[in-house]
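# Notes for the structure review
Residue strings, one per chain:
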Amino acid sequence: MTKVSWSSQTFPPEGASVAEGIRNQLGRPTLDLLTILVRESAQNSWDARLRDHPEPIDYAIDMWTVGPAHATAWRELLSQGAPLNDHLPLRQTLNRPMIRVMAISDRGTSGLGGPTRADEAVTKEHDFVSFVRNIGEPRDTELGGGTYGFGKGIFYLMSKPGTILLHTRCKVNHGYETRLMGCALWKSYIAREQDGERRYTGRHWWGDVSGDVVEPLIGTAADAMAQQLGLRPFGADETGTSVIIIDPTLEDREPADAAGYLAETITWHLWPKMLESPEDRPAMRFSVTCDGIDHPVPDARETRPLNLFVAAYEAMNATDGKILECYKPKKRLGRLGLIKRTAPPMEATDASRMVDIESALHHVCLMRPAELVVTYWPGPKPPGEYQHYAGVFRADPDLDETYAKAEPPTHDAWNPQSLDYPESTYVNTTFRRIDDALNGLFGIGGVTRGGSAKVALGAASTMFSSLVGGAWGTGGATDYGKHGSTETTHKDPAQGSRSSSVHFDDSGGQAGGNGPTGAAGTSLNTDWTIPNGTGATTANGTETSAGAPPRQPSPTAGPEPYRPPARRPRVEYVGDPYHGVRSDVPVLIQEFRLPVPGAQRVRIDLAVALAGTTGRETDPPLGADMPELFGWEDPDGSLHTTSSHAIQGGDNAIWRAIIRPAPDTMTEIDIATEAVQNW
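Residues numbered from 1 in each chain as written. Predicted model: local features only at pLDDT ≥ 70, side-chain atom pairs only at ≥ 80, totals over all residues. Heavy atoms only, no water.

## Some thoughts on the overall build of the protein chain
Rules: Think of it this way: any DSSP run of H or I at least four residues long counts as a helix, any run of E at least two long counts as a strand, and we number them from the N terminus. Remark: exposure states derive from per-residue accessible area (1.4 Å probe, protein chains only) relative to the maximum for the residue type, with buried under 20%, exposed over 50%, and partly exposed in between. Any two residues having at least one pair of non-hydrogen atoms within 4.5 Å are treated as being in contact. Note that accessible areas follow from Shrake-Rupley with a 1.4 Å probe, and for residues the cover is restricted to the protein chains shown.
Per the secondary structure count, the protein chain includes 12 helices and 30 strands. A burial count over the protein chain gives 50% of its 679 residues as buried. Sequence-distant contacts in the protein chain: of pairs separated by 6 or more residues, those separated by 24 or more amount to 70%. For the protein chain, the exposed area adds up to about 31,400 Å²; of that, 50% sits on carbon and sulfur atoms.

Printed below as a string of structure tokens:
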């Protein structure tokens, strides 16, 4: 006859593990408890997947307050035979006006099957004993995520009274079997009893105590008890496990806030399992609810900056993937995919801060063949605040055991110092090979064409000028002559202008070659021109027109009065370019003004700069995008979408060039201005 109660473990003569030691096996992790809970429980679910099950694993986290219809059953049934509060604070928790629980569930998994007694677990299938009875058993799943099973301690740490319920359904010889059992870990103690003092390990189990060992409720008894407690039932052919945490610690978060944090944490740590397989379905499906309200799990493909890790993952699996190797001793380490983007700084969240990712992304996601995130390993910061890169490294299956042994109990790092040679060499070399690849990511040796006064992008160093890998550069060549002239000049440093060089025309001659010194192309202050752009002034004041000899003064008109030459129009940039959005389109914005008075027309020249060469791409490959002008935005915010635009200079009004860049390219941008005669 079934008798439901609690049973507390006493120390046997040969000794046993104490509760404190089991609770402390996770050490002092850098991740918070909620994050560890997601990682460890999902890892357990993945290792328990049914290999012949075509559908994804369903993984769910549900929090709720036990309603009045079930609260009495929780208090009466789970208090039966429970230890005193000094030995286990469960009674105190159940006697509170409100009972809160959290269930971590999976379906499409094997459930906790096998024998229910440790002394009978001589077969390979002994999941129940491994979770409920034994501590520190090695994994028996090839290329699984777990190692020695210490991670299950997180379930007890998450419960304020250290108590959980296990509700599982598995296959047995005669069909399916439901099992229900309570487990608790608190602290060891000495109790005074009738025959003297006795020492207890601090481990407790709730179930059927009618035999010599406490057993789980099985079959119809388990189903009936689960119904009284209001637990989610299993379908007829459904297998899996629910771990119910009693009075979960939410680390100073309100339940709804904790649910949102858990949903985002799932995406950060389990995004590889969200990606579609060749069969167009993900490996796992995720959901989070709080008091019946759904908290959607973000889509990694649509979430910054995780979408970059998704792109790096796809690059790793494609021909762009790089094989990393150790040469002495010779060993293939794994595959690496890298991707770089230019984008505004990201907005950090609690989940991203937990993995030390703030405003800039410069990390490589490390994973083993199980494709569960181990950690986000930080590489060198990129040279500009608008530049980001992401990488994914997946260990080679032949070295899975090596990387697994390098992990702590929380599986969130690779520590080569914990390994012996040659395994330590493999892990150390992995980091060196990744470093080499990252250092080459921004090692750009190309140059852009002369005559572009470049503007640094964000915090990029001046050595990169505007040609930044995977970024958009901006420049400002100013057209001082008539339409079609390509002359630019060196500005006076005292005016704070950007310097530029001199272009050469197609004939090989220099455009606009005469300056005050009479030395073509070497003048420093050739800032003067006729306002309509049709001529130039020589050093002695003689005026020339395009293609004509100098015009001599009239013999009857007398000497011409001195007229100071007009200043040539120029572009003056206002600050660095920055990112924005116009009409829901991500754009790059460069503010500028025209300090010289007079009517002027601005135009823009856009091209894709080619890294490692001196070339620029103006004709895109088939199907490729090119940067394009989105429009000119005036000081009032109105957008003018013509390719060039007439502006009245001299009033210090700030205009904006709005550019829609081509993704994944290096873009060269020249803004030029010329005088306008009629407007």
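## With respect to the nonpolar core
The condition is simple: In this description, a nonpolar core means a group of buried Ala, Val, Leu, Ile, Met, Phe, Trp, Tyr and Cys residues linked to one another through side-chain atoms lying within 4.5 Å.
If you look at the biggest cluster of nonpolar residues, it comprises 72 residues, and the most contacted ones within it are Met102, Ile266, Trp271, Phe309 and Tyr376. Ignoring any residue separated from it by four or fewer positions in sequence, one finds Ile266 in contact with Val38, Tyr59, Ile61, Trp271, Met274, Phe286, Val288 and Val297. Of all hydrophobic cores here, the second largest spans 25 residues; its members include Ala71, Leu88, Leu165 and Ala184.

## Section: the sheet that holds strand S13 (residues 330-342)
Rules: The pairing criterion for strands is at least two bridges between them, as found by DSSP. Here the axes come from fitting lines to C-alpha atoms, over the contacting stretch only for helices, and the angles between their N-to-C directions go from 0 to 180 degrees.
Spatially, five strands are ordered S12-S13-S16-S14-S15 in an open sheet, and the strand pairing comes out mixed. Where the open sheet ends on each side, the last strands, each with one partner, are strand S12 (322-327) and strand S15 (373-378). Along the sheet, successive strands turn relative to each other by an average axial angle of 25°, direction set aside. Sheet topology places S12 next to S13; six bridges connect them, and they run antiparallel. When the bridges of S13 are listed, Glu325 appears paired with Arg332. Across the sheet, helix H9 (residues 306-317) lies against S13, strand S14 (362-367), S15 and strand S16 (387-395), angled at about 50° from S16, the strand it touches most.

## Notes on the packing of aromatic side chains
To keep it simple, the criterion reads: Pairing of aromatic side chains requires ring centres within 6.5 Å, counting the rings of Phe and Tyr and the six-membered ring of Trp. Pairs whose planes differ by under 30 degrees are stacked, by over 60 edge-to-face, and all others tilted. Charge-over-ring contacts are defined here by two conditions on Lys NZ or Arg CZ: a distance within 6 Å of the ring centre and an angle within 35 degrees of the ring normal.
Under the defined criterion, the tally for this structure stands at 12 aromatic pairs. When the centroid spacing of 5.7 Å and the interplanar angle of 65° are considered together, the rings of Tyr59 and Phe286 count as edge-to-face. Of this pair, Tyr59 sits in strand S2 (residues 57-65) while Phe286 sits in strand S10 (residues 284-290), and the two are 227 residues apart along the sequence. Residue Tyr59 is classed as buried on the basis of its relative accessible area of 1%. Using a relative accessible area of 15% as the deciding quantity, one classes Phe286 as buried. Put simply, the rings of Trp268, Trp271, Phe309, Tyr313 and Tyr376 pair up and form one aromatic cluster. Above the plane of the ring of Trp205 lies Arg133, whose end atom (NZ or CZ) is 6.0 Å from the centre. Taking the ring centre of Trp46 as reference, the NZ or CZ of Lys273 above it sits at 3.4 Å.

## Some points on the side chain of Ser79
Condition: Under this definition, polar contacts are N or O atom pairs within 3.5 Å; protein pairs additionally need one hydrogen-donor-capable and one acceptor-capable atom, and for neighbouring residues in sequence, both atoms have to be side-chain atoms.
Inspection of the secondary structure puts Ser79 in helix H3 (residues 68-79). A distance of 2.6 Å separates the side chain of Ser79 from the backbone oxygen of Arg75, its partner in a polar contact.

## So, unusual backbone geometry
Here the amide bond leading from Arg304 into Pro305 is cis, since omega sits at -5°, within 30 degrees of zero. Inspection of the secondary structure puts Pro305 in the loop between strand S11 (293-294) and H9. In this model, Tyr421 is joined to Pro422 through a cis peptide bond whose omega is 5°. With respect to the element layout, Pro422 can be found in the loop between helix H11 (400-405) and helix H12 (423-441). Even without glycine at this site, His411 takes up a positive phi of about 60°. Structurally, His411 can be placed in the loop between H11 and H12.

## As for the packing of helix H2 (residues 33-47) against helix H8 (residues 255-270)
Note the threshold: Reported orientations rely on four angle classes, namely roughly parallel under 35 degrees, roughly antiparallel over 145, roughly perpendicular from 65 to 115, and oblique for the rest. Handedness of each helix crossing follows the sense of rotation of the near helix against the far helix: counterclockwise by less than a right angle gives left-handed, clockwise gives right-handed.
Here H2 crosses H8 at 55°, and the two axes come no closer than 10 Å. Relative to H8, H2 is oriented oblique. At the point where H2 passes H8, the crossing takes the right-handed sense. Two secondary-structure elements touch here, H2 through Leu34, Thr35, Val38, Arg39 and Ala42 and H8 through Tyr261, Leu262, Thr265, Ile266, His269 and Leu270.

## So, helix H7 (residues 220-229)
Two residues of an α-helix separated by three or four positions point the same way, owing to the 3.6 residues in each turn. Quick note on the threshold: Within this analysis, the arc is defined by the directions that extend from the helix axis to the C-beta atoms.
Taken residue by residue, H7 has Ala222, Met225, Ala226 and Leu229 as its buried positions. The buried side chains of H7 occupy one side of the element, clustering within an arc of 100° when seen end-on. Across H7 from its buried face, at more than 90 degrees, point the exposed residues Thr220 and Gln227. Among the residues trailing H7, Gly230 stands out with phi positive, at a value near 80°.

## Regarding the pairing of strand S26 (residues 628-633)
As defined by bridge partners, S26 adjoins strand S29 (residues 655-660) across five bridges and the pair is classed as antiparallel. By the bridge assignment for S29, Trp632 is matched with Ala657. As judged from the two bridges shared by S26 and strand S27 (residues 639-640), these two strands associate in the antiparallel manner. Among the inter-strand pairings, Glu633 is bridged to a residue of S27, identified as Leu639. Counted along the chain from S26 to the antiparallel partner S27, the turn is five residues long, and its residue Gly637 has a positive phi close to 95°.

Limitation: the analysis is restricted to geometry and does not speak to function.
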